[in-house]
Amino acid sequence: MITVIGSINWDVALRVQALPLPGETVVGSELHTGLGGKGANQAIAAARAGGNVTMIASVGEDEAGRNAVRCLTREGVTLQLQPSSFPTGTAVSDEGQNSIMIYPGANLSLLPEHVTKEKLETSKALLLQLELAKETWQGAIRTASSAGVLVVVNASPLQDATLADFTGADIILVNEIEAGQLLGRSRAKTPAQALEYAQELCKTFPTVVMTLGGDGVVWATEHKRGLVPAHEVEVVDTTGAGDAFAGALTVALVEGKSLEDAVTFANAAAALATFAFGAATSPRREQVLEFLQSRLHHA
Ligand code: RIB
């Protein structure tokens with residue numbers, strides 16, 4: 001079993017030519033609403049990739065919360081929900097450009113004491129991201145680590161977190177900007193520099209995976225490292241592609257795949273997730289395998 005601890009949001013995405021300047025109003029051409037939140041997206045991604053997934057989270061007693069629960073349950077995700085008197089988390093974005101404004105709402109009602117050792121110890125892996133109260137995700141890392149559970153942390157959104165905040169994480173998943181921030185440097189500009197950063201991060205974490213958008217993904221452990229190139233695809237919307245990657249990666253690792261094979265699987269899942277509008281658009285396991293097979297034939 002994989003436990004995902006994280007955010008559930010209701011996403012509102014508006015397609016606009018440009019973001020409004022102060023005092024300006026812009027008219028959007030398309031509106032998309034649906035389930036989002038890095039936690040929910042990753043839980044769905046892991047379930048579609050073939051994982052047996054439980055999610056610990058919090059939603060409000062409102063329509064958005066009920067919709068989110070319906071969507072997650074339909075995907076086969078088992079929910080352990082903490083009730084909240086706040087509205088369900090909400091994310092408002094300009095579709096396509098990834099500028100996002102978040103109201104955390106009920107996500108902040110999930111507290112460290114709600115994530116107990118008893119809830120985690122039967123899991124093979126814990127997957128989490130940072131759209132929760134800092135004490136909650138930090139406590140979850142420590143609790144899972146002390147229970148001997150594999151801890152996969154997607155350090156996003158990084159905000160003011162530092163390397164020391166992730167003590168106990170086995171695998172850190174970051175993008176090139178987050179990697180730079182963690183190391184106190186500018187973003188990695190080339191894959192070669194990203195590999196250097198990944199190795200630097202390996203002084204703190206046993207395993208580092210760094211996504212580089214169109215440049216692919218680098219991975220590193222103390223003794224090995226590598227680059228998996230990005231797939232060339234017709235991108236419709238990149239929102240949630242990182243979440244598709246995180247969910248698929250965790251499933252592949254729990255299945256015992258090598259790190260390189262797990263990254264290859266997750267990289268394909270992330271590419272397929274860009275084919276549709278919305279955040280929780282990760283592909284099913286069969287689609288990922290078919291896609292990889294077809295790429296092999298065209299190589
Ligand atoms: O990673 C994409 C997600 O980030 C969106 O679904 C939005 O809710 C924000 O949390």
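My aim in this report is to walk through the structure given alongside it, one point at a time. (Residues numbered from 1 in each chain as written. Predicted model: local features only at pLDDT ≥ 70, side-chain atom pairs only at ≥ 80, totals over all residues. Heavy atoms only, no water.)

**Some thoughts on the site of the ligand**
Just so we agree on the cut-off: Throughout this document, a residue counts as near a molecule or strand when at least one of its heavy atoms sits within 4 Å of that molecule or strand. Polar contact criterion, stated in full: a pair of N or O atoms within 3.5 Å, where within protein one must be able to donate a hydrogen and the other to accept it, and residues adjacent in sequence count only if both atoms are side-chain atoms. Per-residue and other accessible areas were derived by the Shrake-Rupley procedure at a 1.4 Å probe size, with only the shown protein chains allowed to occlude residues. Only DSSP runs of H or I reaching four residues or more are called helices, and only runs of E reaching two or more are called strands; each is numbered from the N terminus.
Close to the ligand lie N9, D11, G36, G37, K38, N41, A91, I102, E131, D243 and A279, which account for all nearby residues. Taking N9, its side chain carries an N or O atom lying 3.0 Å from an oxygen atom of the ligand. One nitrogen or oxygen atom from the main chain of G37 is found 2.9 Å from an oxygen atom belonging to the ligand. Look at the ligand: alone it shows 280 Å² of surface, and the protein chains cover 94% of it. Counting only elements with at least two residues in the shell around the ligand, the list comes to β2 (9–15) and α1 (38–48).

**Notes on the sheet that holds strand β3 (residues 30–36)**
The test is simple: Pairing between two strands requires that DSSP report at least two bridges joining them. Axes here mean lines fitted to C-alpha atoms, for a helix over just the part in contact, with angles spanning 0 to 180 degrees between N-to-C directions.
Within the open sheet, the four strands sit side by side as β3-β2-β6-β7. Their pairing is mixed. Lying at the two open borders of the sheet, with one neighbouring strand each, are β3 and β7 (99–103). Adjacent strand axes in the sheet meet at a mean angle of 20° when their direction is disregarded. Judged from the six bridges that link them, β2 and strand β6 (residues 89–94) form a sheet pairing that is parallel. Residue D11 lies in a different strand from β6, and its bridge partner there is A91.

**A closer look at the side chain of Q129**
The criterion, for reference: Think of it in three bands: with a 1.4 Å probe and only protein chains considered, a residue is buried below 20% of the maximum accessible area for its type, exposed above 50%, and partly exposed in between. In what follows, a contact means two residues having at least one pair of non-hydrogen atoms within 4.5 Å.
With respect to the helices and strands, Q129 occurs in the loop between β8 (125–128) and α4 (134–146). Its relative accessible area of 0% is what places Q129 among the buried residues. A polar atom in the side chain of Q129 sits 3.3 Å from the side chain of Q42. The residues touching Q129, leaving out its near neighbours within four places in the chain, are V4, I5, G6, S7, K38, G39, Q42, W137, N154 and S156.

**Comments concerning the packing of aromatic side chains**
Under the convention used in this document: For Phe, Tyr and Trp, rings pair up if their centres lie within 6.5 Å, where Trp contributes its six-membered ring, and each pair is then called stacked (planes under 30 degrees apart), edge-to-face (over 60) or tilted (otherwise).
Enumeration according to the criterion identifies two aromatic pairs in this entry. The interplanar angle of 15° and the centroid separation of 5.1 Å between the aromatic rings of W137 and F166 together place this pair among those described as stacked. On the criterion of sequence distance, the pair formed by W137 in helix α4 and F166 in the loop between β9 (150–154) and β10 (171–175) is long-range, its members being 29 residues apart. When the centroid spacing of 6.3 Å and the interplanar angle of 65° are considered together, the rings of F166 and F205 count as edge-to-face. Taken together, the residues span a long stretch of sequence, with F166 in the loop between β9 and β10 and F205 in the loop between α6 (191–201) and β11 (207–211) at a distance of 39 residues. The same class applies to F166 and to F205, which are both buried.

**Re the packing of helix α7 (residues 241–254) against helix α8 (residues 259–273)**
Angle between the axes and distance between the axes are the two parameters that describe a pair of packed helices. Put simply, the test is: Rotating anticlockwise by less than a right angle from the far helix to the near helix defines a left-handed crossing, while the corresponding clockwise rotation defines a right-handed one. Under the scheme applied here, ten amino acids are nonpolar (Ala, Val, Leu, Ile, Met, Phe, Trp, Tyr, Cys and Pro), four are charged (Asp, Glu, Lys and Arg), and all others, including Gly, are polar.
It is at 8 Å that the axes of α7 and α8 come closest, and there the two elements cross at 145°. For the crossing formed where α7 meets α8, the hand is right-handed. On α8, the residues touching A241, A244, F245, A248, L249, A252 and L253 of α7 are L259, A262, V263, F265, A266, N267, A269, A270 and A273. For the contact of α7 with α8, the per-class residue count stands at 15 nonpolar, one polar and no charged.

**A word on the nonpolar core**
Cut-off, in case you're wondering: Only buried Ala, Val, Leu, Ile, Met, Phe, Trp, Tyr and Cys residues count toward a nonpolar core, and they belong to the same one when joined by side-chain atoms within 4.5 Å.
Among the nonpolar cores identified, the biggest contains 49 residues, and I8, L35, L72, V209, F245 and V263 are the most heavily contacted of them. Element by element, the count of residues in this core is highest for α8, at 10 residues. Those residues in contact with L72, other than ones at most four positions away along the chain, are I8, L35, A40, A43, I44, M55, V77 and L79. I5, L110, L183 and V208 belong to the second largest nonpolar core, which has 39 residues in total.

**Topic: unusual backbone geometry**
Cis geometry is adopted by the peptide bond preceding P157, which originates at S156 and carries an omega value of -5°. Relative to the assigned elements, P157 resides in the loop between β9 and β10.

**Brief notes about the environment of L173**
You can see L173 is positioned in strand β10. You can call L173 buried: its relative accessible area is 3%. Sequence-wise, L173 and A155 are 18 residues apart; in three dimensions their C-alpha atoms are separated by 6.2 Å. Not counting chain neighbours up to four residues away, the residues in contact with L173 comprise V153, N154, A155, V209, T211, F245 and A246.

**Description of the sheet that holds strand β12 (residues 217–221)**
Reading across the sheet, the nine strands line up as β5-β4-β1-β8-β9-β10-β11-β12-β13 and stay open at both edges, with mixed pairing between neighbours. Because the sheet does not close on itself, it has two edges, and the strands there are β5 (78–84) and β13 (225–228). On average, adjacent strands in this sheet sit at an angle of 15° to one another, irrespective of strand direction. Each of β10 and β11 touches helix α5 (residues 176–183); the most contacted strand, β10, lies at about 115° to it.

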